[in-house]
Structure formats: structure tokens, C-alpha cells
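Secondary and tertiary structure notes
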Amino acid sequence: MNVKQLRSFLAVAETLSFVIASERLHTSQSALSMAIKGLEESLGGKVFVRTTRSVQLTPEGESLLPLARKLLADWDSVHHELQQRFSLGIGKVSIAAMPSFAINVLPRALKQFRALHPKISVQVHDVINEDVIDMVQIGEVELGIGFKPYPASLAFEPLFNDQFVAIVPPGSGFEGEERVEWEALLQHPFISLQKPSAVHAYLEDSLRDSPLVLKTELEAHQLSTVGKMVATGLGVSVVPALCTPQMEALGAKVLKLKDARIEQPVGLIWHRERERSAATHALYNVLKSVGSQPSQSH
């Protein structure tokens, strides 16, 4: 039993005329008869009693009528919804983004996306980079934004390189400076994100070939907490430049690093073996355009 056969049955059942039903369906009477015959063969019995003068439903045909109406209504509803999803008339996107991107770049991208597709709802998980990778990996979200991932199962489209910066508290002896060396920075208590944070790993890697040692005295789970600790005078830190506005708003002073520059690509992350929805692909295109110009968000 297929949709064509059900539509043919419904047209005949409602008009009790093969002539009128064929006109309604814009098909020939012979094609209509073939569709009804195919339906009856698949069901195993007659649904119409047809004479030269009249067409009547059999008891089984009477039972089929409300079911056929419901099946076709459901089919049309599903068909319409999928058409809407493919044409971006409706839909939902769920993404994960590390906080520095979620705060500084994502709102501008979402504003543009919503202007293009106002009926697509967007769910944003602003989580640390490690959680972004995990959520994409297990399929909890279709798209992630973060530093380049390590799992081979994930694809990565770079948007820009984020160059890390030092943050120091007011009155720390760096007044009037725009740049600072690692050696001078490490004379102060160092505050870092907790392991196994990617940011922490990047900091350690940057000093791997240096006699300097990164001795963390305070740790936190969020960069905003690190920034507030620095601003309070508890120590210094090195953070992604993308979160410069938040660090300054918290009261920390931002300086460039003179040596051992840390630069990491930030980009879009998705699973290689999972197909993205039409809505997610549309957001991906907007993020590629807007996210490649992160400085405009500051």
C-alpha cells in the first residue's frame, strides 16, 4: 500500500465515481483503476463494489476510509514539515562554543543568522573547549566552535588564529608597558585553568624548550574566574586574546607577550561521519563569514 493508492482510494470513496475521482486527481480512469486494483491486491480483498451504474464501499472499504484520511493527513504533515526544514522555514540548531567565542563573536553571527532565518531556533552551549569537543564527538551537538581538536573523527575548519595575551593586576609594576616577557611575568604567582584544559596545555607547550617553568599557584575552571582573580591581585595569567574585552571589564590589564608567542587556530568542528542538517549548514556558512573577522566583535 502506497500513498498514490491511498489518494486514489480516498478520491473514489469520497465521490463514489471513478470519472469524477480521475478528474480530481488529474489522471486517466485506467490509471486510477490500476491503483485501486494494486491497493486491493496488497490488502487481500475488495474495498469497492463496482457496477455499471454505481460504486459503493465494501465494509472493509468503510473501515479503511477514516484510516486513509488519517494516514494521508499525517503524510502531508510530515512532507510539509520536511520541506520547511530543508527550505529553512522551521528548524532547530544546537551548537557548542567555548566561552571566549560565545561572548565575543557568536552574538554577531547569530544576529545575522536570525535576520536570514528568523524561524530557526538556536540552542547554544557555552562550555570549555574540552566539553565542546566531547559534545561534538558524542553527537550531542552538530557543530562546535573551539580550538583545533585532536580526535581524528572530527573535522575542523579554521576561522582565525587567536594569539594569547598576558593579564596582570593593576599596580603590579607593569604600568606603562604594552608588552611583557615570560620571565618577568613568572616572577609573580601564576593563575591558570585547571588541567586537562587545552589552554593550560598550550601554556606548558610554549615553555617546553625554555629554561622557564610554569608553576601554577591558583587554578580555576572558567577564564572569567581567572580574570577576576588576576584583577583582585592574586597573580597573573596568560589567556586567549579573544577574551580581552572580558578581562579588561573584570579589571585586569592586558599585555602582549614579547617572547614564546602562543597562537592557536579557532574554528568550526563537526563529526566527519554525521550529516549536518540544512539549518546547521546554514549557520555554518554564516559563522564562516562572520567568524573569520573576530576583531570586529571587540
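Structure first, text after, so check above.
Residues numbered from 1 in each chain as written. Predicted model: local features only at pLDDT ≥ 70, side-chain atom pairs only at ≥ 80, totals over all residues. Heavy atoms only, no water.

1. Side note on the sheet that holds strand 6 (residues 154-163)
Strand order in this open sheet of five strands is 4-3-5-13-6, and the pairing throughout is mixed. In this open sheet, the two strands that pair with only one neighbour each are strand 4 (120-126) and strand 6. On average, each strand axis in the sheet is tilted by 20° relative to the strand beside it, whichever way the strands run. The sheet contact formed by strand 5 (residues 143-147) and strand 13 (residues 263-271) spans four bridges and is antiparallel. Looking at the pairing, G146 lines up with G267 of strand 13. This element, helix 7 (residues 129-138), spans strand 3 (91-97), strand 4, strand 5, strand 6 and strand 13 of the sheet and lies at about 150° to strand 5. (Pairing = 2+ DSSP bridges. Helix = DSSP H or I, 4+ residues; strand = E, 2+ residues; numbered from the N terminus. Axes fitted to C-alpha atoms, helices over the stretch in contact; angles between N-to-C directions. Contact = heavy atoms within 4.5 Å.)

2. Digging into the pattern of salt bridges
Any two side chains of opposite charge can pair, given that their charged atoms come close. Scanning the model with the defined rule gives four salt bridges in all. Residue R24 is joined to E14 by a salt bridge in which the shortest nitrogen-to-oxygen separation is 2.8 Å. Linking R24 in helix 2 (residues 18-25) with E14 in helix 1 (residues 3-15), this pair joins segments that are 10 residues apart in sequence. The class for E14 is partly exposed, based on a relative accessible area of 39%. (Salt bridge = Lys/Arg side-chain N within 4 Å of Asp/Glu carboxyl O. Buried < 20%, exposed > 50% of the residue type's maximum accessible area, 1.4 Å probe, protein only.)

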